[in-house]
Every structure is written in C-alpha cells, then in structure tokens.
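Here are the chains, one letter per residue:
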Amino acid sequence: MAGFDATTYGERFADVYDDWYHDVTDTGSCVDAVVALAHRSAGAGNMSSVLELGVGTGRLAIPLAEAGASVTGLDASHAMLDALAAKPGGDGVRTVLGDMVDPPLGPDATFDVVLVAYNTLFNLVGEGQQERCLRRSAELLAPGGAVVIEAFVPATDAASGDSVTTRQVTADRVVLSVNRTDADGRLAMGQYIDISEQGIRLRPWQIRWATPSDLDAMATSAGLVLDERWADWDRSPFTSDAPAHISVYRKRP
Ligand SMILES: C[S@@+](CC[C@H](N)C(=O)[O-])C[C@H]1O[C@@H](n2cnc3c(N)ncnc32)[C@H](O)[C@@H]1O
C-alpha cells in the first residue's frame, strides 16, 4: 500500500487498539503456555526471558511480566510503546523501538522465547521479510529456547476482490471497513474509516498471509524445526480444520 511503512499500523491504531482487540485471544492461556515454554528453556530456579516482536500496547507482554518473566517488547511504533508504558504494569516491560525484520538487539541478547503473536508476522509484506524475521529470531534464542508464532490459517478458497463492511454504527460514530484482497499474491490490505463528529481517522493495515506449511518451510531455512503445533493457547491439538495455529519452533540441533 503506497505510503505505508513499518510504523503506520501502530501509529494509526494505538488509540483504539485495546478497545477493539483486548479480548481477541485468551490472554491467561497464552501467558501460561509461554511461561511454561520459557521456564523449560531457562531451567529451574532461573528467571526466564521473553522477547515479544510487535508488542503493541502490551496486551500479552504486561501479564507475561506480571507472571514473573523478564519481558522485552519490540515495536516499530512510538504510539504503541507509549500506550504500553502508560498502562498499569507497563513499567515491568523493557521496550525497544525498532523493526522486527531486524531487531536492533546486540549479539549478547538472548531469550528463552521469541513470541510473535496474533498474526503479527503477517504484517511483514515485503519480499523475504518474514524469512528474515524468523532467521533473526532464531539467532536471538538461548540454548533450548523457542520461537512461538500465532497466526490464522488462510482459507484455501480466498478470492481476490474488494469489499466494504461496517464495523460500528452508532449515533455518534461510523467505522467502515474497506478491504482489498489479492489472493494470488497472498496479500490483503484495507482501511478502517473512522467517522465521528470530530472528523475522519484513517486506520490502514496490510498483511501477507502464509499457510502453516509455508511457515514451516521458512522456519527450516532459518535453522528452526517445528516442535509443537496447537490450535489454541490452551494447547489443544492442531487439526486440519482449525482456524488458527500456535507453532513452537526450536533451533535445529
Ligand atoms: C496486530 S498488533 C499485535 C500487538 C500485540 N502483539 C498483541 O498481540 O496484542 C501488531 C503490532 O506489530 C507492530 N508492527 C507492525 N509491523 C512491525 C515491524 N515491521 N516491526 C516492529 N513492529 C511492527 C505494530 O505497530 C503493532 O503494534
């Protein structure tokens, strides 16, 4: 999308993110699953460390820190990191401003879990960016650590085209959702057009989707191997009709 860069999504959604997306997944189960993985890597008695790429407002990172992990959250958007810092518990998360394609973390920084939640890997639409992010994530793993990706499973019959729907209609506000899909390119983009008496706010987004087996192939070339795949954060087994997956990758021995 012309005019869209790594900062755009966060800058345009930070003010509504918690209102619109606070309950998109089960935070408690996510925290339990990620903490269990991180503890397994860190070993008994050691503090475990988690890096969340595209941390946003800390929907997951803050409760992860409250559960006892040492949490670093990276995001390209100042507005998202400001929203995180302003929340109760936000000061428990170390934040880093940067692009998740190549996180600006030194060679000595390693983590028990690198978490890329809620389809955030798909925000990388440039050629090779998802692969690069996975390669850098693998480099940032402590021995025994895991890269954990949460993503939707793309429909096999996705069709190209445009659509307009409504997200919200009240007496004082209309939010229109304008969507464009390029099924061959595995690209989708859109705008939430947020209209109120105060004016119009454009909230653009874009994604390049990948199937679970596409992700496995990218992970393989990043030196990772699939260890576990769940259908949800409750760690229920992944099945062919699951709408989403949580994939746990470890470094290839
Ligand atoms: C869908 S939100 C997810 C936020 C959080 N992980 C959650 O689950 O609630 C995606 C986040 O990724 C950030 N983001 C998008 N592209 C990025 C990039 N290239 N580098 C770093 N952060 C990025 C956005 O600013 C936004 O905060």
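Please read these numbers as outputs of a predicted model, since none were measured by experiment.

### Topic: the overall build of the protein chain
And then number 1: Each helix and strand counted, the protein chain has seven helices and eleven strands in total.
And then number 2: Taking 2.2 N^0.38 as the reference for a compact globule, 253 residues should give roughly 18 Å; the C-alpha atoms of the protein chain span a radius of gyration of 18 Å, in line with that estimate.
And then number 3: Across its three principal directions, the C-alpha atoms of the protein chain cover 55 × 40 × 35 Å.
And then number 4: Counting only residues that meet the buried cut, the protein chain has 48% of its 253 residues in that class.

### Some thoughts on unusual backbone geometry
And then number 1: Of note in the backbone geometry, Y118 takes a positive phi value of approximately 45° without being a glycine.
And then number 2: With a phi close to 55°, R186 is a non-glycine residue in the positive phi region.
And then number 3: Position of R186 among the secondary structure elements: in the loop between β7 (173-182) and β8 (187-196).
And then number 4: The exposure class of R186 is partly exposed, given its relative accessible area of 32%.

### As for the pairing of strand β4 (residues 111-116)
And then number 1: For β4, the buried fraction is high: six of the six residues fall into the buried class.
And then number 2: The sheet contact formed by strand β1 (residues 49-53) and β4 spans three bridges and is parallel. Residue pairing across strands places E52 opposite L115, the latter belonging to β4.

### Re the domain arrangement of the protein chain
Accessible area lost upon the coming together of the parts is a frequently used measure of interface size.
And then number 1: Each assigned domain of the protein chain is listed with its residue range as follows: domain 1 (8-154 + 210-251) and domain 2 (161-207).
And then number 2: Spacing between the C-alpha centres of domain 1 and domain 2 amounts to 26 Å.
And then number 3: In this assembly, domain 1 packs against domain 2 so that about 1300 Å² is buried in total across both faces, 55% of it on carbon and sulfur atoms.
And then number 4: For D214, the salt bridge is made with R186, and the minimal N-O distance between the two is 2.2 Å.
And then number 5: Counting across the interface, domain 1 meets domain 2 through five residue pairs in polar contact (both at pLDDT 80 or more).
And then number 6: The set of elements that each furnish at least two residues to the side of domain 1 that touches domain 2 consists of α1 (8-13) and α2 (17-21).
And then number 7: Among the elements that line the side of domain 1 that touches domain 2, the one with the most residues is α1, at five residues.
And then number 8: Of the residues in the side of domain 1 that touches domain 2, the class split is nine nonpolar, three polar and four charged.

### Examining helix α7 (residues 212-221)
And then number 1: For α7, every residue scored as buried is listed here: P212, L215, M218 and A219. Taken end-on, α7 shows its buried residues confined to a sector of 120°, consistent with a single buried face. Across from the buried face of α7, at angles greater than 90 degrees, the exposed residues are S213 and S221.
And then number 2: Against α6 (129-139), β5 (141-152), β10 (224-230) and β11 (244-251) lie the buried residues of α7.
And then number 3: Once α7 finishes, G223 follows within two positions and takes phi at roughly 85°, a positive value.

### Concerning the packing of aromatic side chains
And then number 1: Summed over the entire model, instances satisfying the criterion amount to eight aromatic pairs.
And then number 2: Here the aromatic rings of F13 and Y192 are separated by 6.1 Å at their centres, their planes lie at 80°, and the arrangement is edge-to-face. Remark: Y192 occurs in strand β8 and F13 occurs in helix α1; sequence separation between them is 179 residues. Considered together, F13 and Y192 belong to a single accessibility category, that of buried residues.
And then number 3: Taking 5.2 Å as the distance between ring centres and 90° as the angle between the ring planes, the aromatic pair formed by F122 and F152 counts as edge-to-face. Of this pair, F122 sits in the loop between β4 and α6 while F152 sits in strand β5, placing them 30 residues apart in sequence.
And then number 4: Exposure remark for F152: the relative accessible area of 26% places this residue in the partly exposed category.
And then number 5: The structure contains a cluster of three or more aromatic residues connected by ring pairs, namely Y9, F13, Y17, W20, Y21, Y118 and Y192.
And then number 6: Here R167 stacks its cationic end above the ring of Y192, 5.9 Å away from the centre of that ring.

Parameters at a glance
Residues numbered from 1 in each chain as written. Predicted model: local features only at pLDDT ≥ 70, side-chain atom pairs only at ≥ 80, totals over all residues. Heavy atoms only, no water. Helix = DSSP H or I, 4+ residues; strand = E, 2+ residues; numbered from the N terminus. Rg over C-alpha atoms; globule rule 2.2 N^0.38 Å. Buried < 20%, exposed > 50% of the residue type's maximum accessible area, 1.4 Å probe, protein only. Pairing = 2+ DSSP bridges. Domains from an automatic or database assignment. Buried area = accessible area lost by both parts, 1.4 Å probe. Salt bridge = Lys/Arg side-chain N within 4 Å of Asp/Glu carboxyl O. Polar contact = N/O pair within 3.5 Å; in protein donor to acceptor, adjacent residues only side chain to side chain. Nonpolar A, V, L, I, M, F, W, Y, C, P; charged D, E, K, R; others polar. Arc of directions from axis to C-beta. Contact = heavy atoms within 4.5 Å. Phe/Tyr/Trp six-rings, centres within 6.5 Å; stacked < 30°, edge-to-face > 60°. Lys NZ or Arg CZ within 6 Å of the ring centre and 35° of its normal.

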